[in-house]
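Fold and contact review
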Amino acid sequence: MSESVIHVVGGGLAGSEAAFQLAERGHQVVLHEMRGVRGTAAHQTDRLAELVCSNTFKSTEVTNAHGLLKAEMRLLGSLVLQGADVARVAAGSALAVDRDVFSVHVHERVVNHPRIRVTREEVTAIPDAPTIIATGPLTSDALAEGVRARLGVQSLAFYDAIAPIIAVESIDQTVAFRAARWGKETMEDSGQGKGAECGDGEGEGGLPSPEPEGAYLNCPMDKVQYEAFIDALTLADQFTAHEFDKAPYFEGCMPVEEMARRGRESLRFGPMKPIGLRDPRTGRRPWAVVQLRREDRAGRMWNIVGCQTRLRIPEQQRVFRMVPGLEGAEFLRFGSIHRNTYLNAPAALTPHLSLRDNPQVMFAGQLTGVEGYTESTATGLLAAINLSRLLAGQEPVVPPPVTMLGALYRYLREADPAHFQPMNANFGLLEELPEPPRDKLKKRALYAERSLAAMAAWITEHRLA
Ligand SMILES: Cc1cc2nc3c(=O)[nH]c(=O)nc-3n(C[C@H](O)[C@H](O)[C@H](O)COP(=O)(O)OP(=O)(O)OC[C@H]3O[C@@H](n4cnc5c(N)ncnc54)[C@H](O)[C@@H]3O)c2cc1C
């Protein structure tokens, strides 16, 4: 690779956006895409920016987290969103697209750009030249090995095993009580085991950390409630995965419904065991306890411990709302288990998502630990802005955490590396409003107003548009 050009590895959503943004800023770019010489288990074509599954970029409403992120990206001039607008099909307030029209549009804009050269090859090691690596959830094995060799074994996961994440204000804290087992514990003490290759967040990755008292919210169950929960869990409809997507069930990432099927008591002796806990309302040990662990520093997002799941989304809502204290649960992120190569960003990368020893080698897209088409594209856009700045001798910049993009980056920077899980855009990531109204829609409208004003000010301050 020549040092006079910038390399972008991976011509998916993030890589196409990044290559185009760099070229528009006057840089010569080589985009390395392996499809054409080596396929992935999900892509069907050789085109850049192929959508591997659903044809929607989700909501356009700014009172929806994905809609707000898109509005911020429009201020930054996203190519992918321009392609989505060209390819838009009727779907109410959702930005759904004709996937072929969409990828043809983005493909053409990238390959026909006078400063971009596309080469079809598999990259197998992290280059030392200025580079953005955006090889996605299906990064080839050889490059994954190259990344592991460079960043360390614990820096990379191959499967998501995600438990639902709940908004704190939707948890009934007259029922759920704050306490850690025996007052204090580590994840190892709690016996939840370690996931081998699963980014399961429940004691994964060999990085157990002490949990201070109050780091857990505990939803107590009596025997009748527990039995009803087990019945619902084992009978609920679950998502059937693609063959390649079938995660091996390591100890730490077994779906909660699978654990329940292996024996009615297995959850009561596993992640839902009540020992070391007393319900302050009764003074007694409950029959079983569903624990929620803080997902962010501000304590706005809570992860249902040990409940990684393959249940369908409506079933997750129905079953987990049976848990006392979670009847009104607002899901910020649904549980899932699937193939996903991603970095432990808070452990391995800088705040602008570069190598620690080379700020000009950056990561973007789903590989960084964000999840979703829009989120992945957004990180490609910001990586291009920052690489261009660095090459001009300027500092990298990240939008403030009152913006959705800035809040995602803050999550990637500040999440606990011991429990790191990929994240999608959601309002729980944003800094709380000083005086939030009770009405959810009004609150979101205020969040959006604040985010878009902050993004516009940030763009002006750094002369990004
Ligand atoms: C099966 C599946 C279904 C999904 N469904 C959805 C969905 O419905 N909605 C949603 O929002 N998100 C979905 N996702 C997540 C989705 O993949 C991401 O949101 C998005 O595509 C990530 O963008 P990206 O640019 O990071 O990666 P990608 O779009 O996957 O692009 C990565 C590119 O890098 C290339 N590449 C990989 N390794 C190398 C290498 N060594 N050298 C050169 N090129 C390489 C790949 O061929 C690919 O073109 C799904 C993911 C999977 C795996």
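Residues numbered from 1 in each chain as written. Predicted model: local features only at pLDDT ≥ 70, side-chain atom pairs only at ≥ 80, totals over all residues. Heavy atoms only, no water.

Observations regarding helix α12 (residues 440-461)
Stated formally: Secondary structure elements follow DSSP: runs of H or I no shorter than four residues count as helices, runs of E no shorter than two count as strands, and numbering proceeds from the N terminus. Multiplying 1.5 Å by the helix residue count minus one yields the expected span of that helix. Only protein chains enter the accessibility calculation, which uses a 1.4 Å probe. A residue is then buried if its area is under 20% of the maximum for its type, exposed if over 50%, and partly exposed in between. When we speak of the arc, we mean the arc of directions from the helix axis to the C-beta atoms.
Taking 1.5 Å per residue, 22 residues should reach 32 Å; α12 reaches 31 Å between its end C-alpha atoms and fits that length. Where α12 is concerned, the buried positions are Lys443, Arg444, Tyr447, Ala448, Ser451, Ala454, Met455, Trp458 and Ile459. Along the axis of α12, the buried residues cluster in a sector spanning 140°; they form a single face. Every exposed residue of α12 that faces more than 90 degrees away from the buried side is listed here: Lys442, Glu449 and Thr460.

Digging into the site of the ligand
Our working rule: If a single non-hydrogen atom of a residue is within 4 Å of a molecule or strand, that residue counts as near it. Counted as a polar contact is a pair of N or O atoms within 3.5 Å, where, for protein atoms, one must be capable of donating a hydrogen and the other of accepting one, and residues adjacent in sequence contribute only when both atoms are in side chains. Classification convention: Asp, Glu, Lys, Arg as charged; Ala, Val, Leu, Ile, Met, Phe, Trp, Tyr, Cys, Pro as nonpolar; all other residues, Gly among them, as polar.
As a matter of local geometry, the ligand sits amid 32 residues, with Glu33, Val123, Gln366, Gly372 and Tyr373 nearest to it. Measuring from a nitrogen atom of the ligand, one finds a backbone N or O atom of valine 123 at 2.9 Å. Residue assignment for the shell around the ligand shows that the elements contributing at least two residues are α1 (13-24), β2 (29-33) and α10 (373-391). Residues that form the shell around the ligand fall into these classes: 13 nonpolar, 15 polar and four charged.

Quick word on the pairing of strand β15 (residues 288-294)
Which entries qualify depends on this criterion: For two strands to be treated as a pair, DSSP must find no fewer than two bridges joining them.
Along β15, six of the seven residues are buried, which leaves the element largely enclosed by surrounding structure. As judged from the six bridges shared by strand β14 (residues 216-221) and β15, these two strands associate in the antiparallel manner. Bridged to tyrosine 216 within β15 is arginine 293. A loop of six residues connects β15 with strand β16 (residues 301-304), the two strands running antiparallel in sequence, and glycine 299 in this loop sits at a positive phi of about 75°.

Observations regarding the packing of aromatic side chains
Put simply, the rule is: A pair of Phe, Tyr and Trp rings is counted when the ring centres sit within 6.5 Å of each other, with Trp represented by its six-membered ring. The angle between the planes then sorts it: under 30 degrees is stacked, over 60 is edge-to-face, the rest tilted. Geometrically, a charge over a ring is one whose NZ (Lys) or CZ (Arg) sits within 6 Å of the ring centre while staying within 35 degrees of the ring normal.
Taken as a whole and assessed by the stated rule, the structure comprises seven aromatic pairs. Here tyrosine 342 and phenylalanine 420 contribute two aromatic rings whose centre-to-centre distance is 6.2 Å and whose plane-to-plane angle is 55°, an arrangement assigned as tilted. Taken as a pair, tyrosine 342 in strand β18 (residues 336-343) and phenylalanine 420 in the loop between α11 (404-414) and α12 lie far apart in primary sequence, 78 residues in all. Given a relative accessible area of 2%, tyrosine 342 falls into the buried group. Phenylalanine 420 gets classed as buried once you look at its relative accessible area, which sits at 2%. Aromatic side chains phenylalanine 427 and tyrosine 447 sit 5.5 Å apart centroid to centroid with 25° between the ring planes, which places their arrangement in the stacked category. Taken together, the positions of phenylalanine 427 in the loop between α11 and α12 and tyrosine 447 in helix α12 put the pair 20 residues apart, joining distant regions of the chain. The class for phenylalanine 427 is buried, based on a relative accessible area of 6%. The class for tyrosine 447 is buried, based on a relative accessible area of 1%. Aromatic ring contacts, followed pair by pair, group Phe57, Phe102 and Tyr373 into a single cluster. Above the face of the tryptophan 287 ring, arginine 268 is positioned so that its terminal group lies 3.8 Å from the ring centre.

What to know about the nonpolar core
Stated formally: Here the nonpolar core consists of buried residues drawn from Ala, Val, Leu, Ile, Met, Phe, Trp, Tyr and Cys, with membership extended through side-chain atoms lying within 4.5 Å. Residue ranges for the domains originate in an automatic or database domain assignment.
Judged by nonpolar contacts, the single largest core of 92 residues is most densely connected at Phe57, Phe102 and Ile132. Among the elements that line this core, the one with the most residues is α10, at nine residues. Two domains each put at least three residues into this core: domain 1 (6-158 + 340-461) and domain 2 (164-334). By size, the runner-up hydrophobic cluster in this structure holds 33 residues, among which are Ala163, Tyr226, Phe229 and Met254.

Observations regarding α10
The first and last C-alpha atoms of α10 sit 27 Å apart over 19 residues, in line with the 27 Å expected at 1.5 Å per residue. Among the 19 residues that make up α10, 18 are buried, leaving the element largely enclosed by the rest of the structure. In the stretch just after α10, glycine 393 is the one whose phi turns positive, near 80°.

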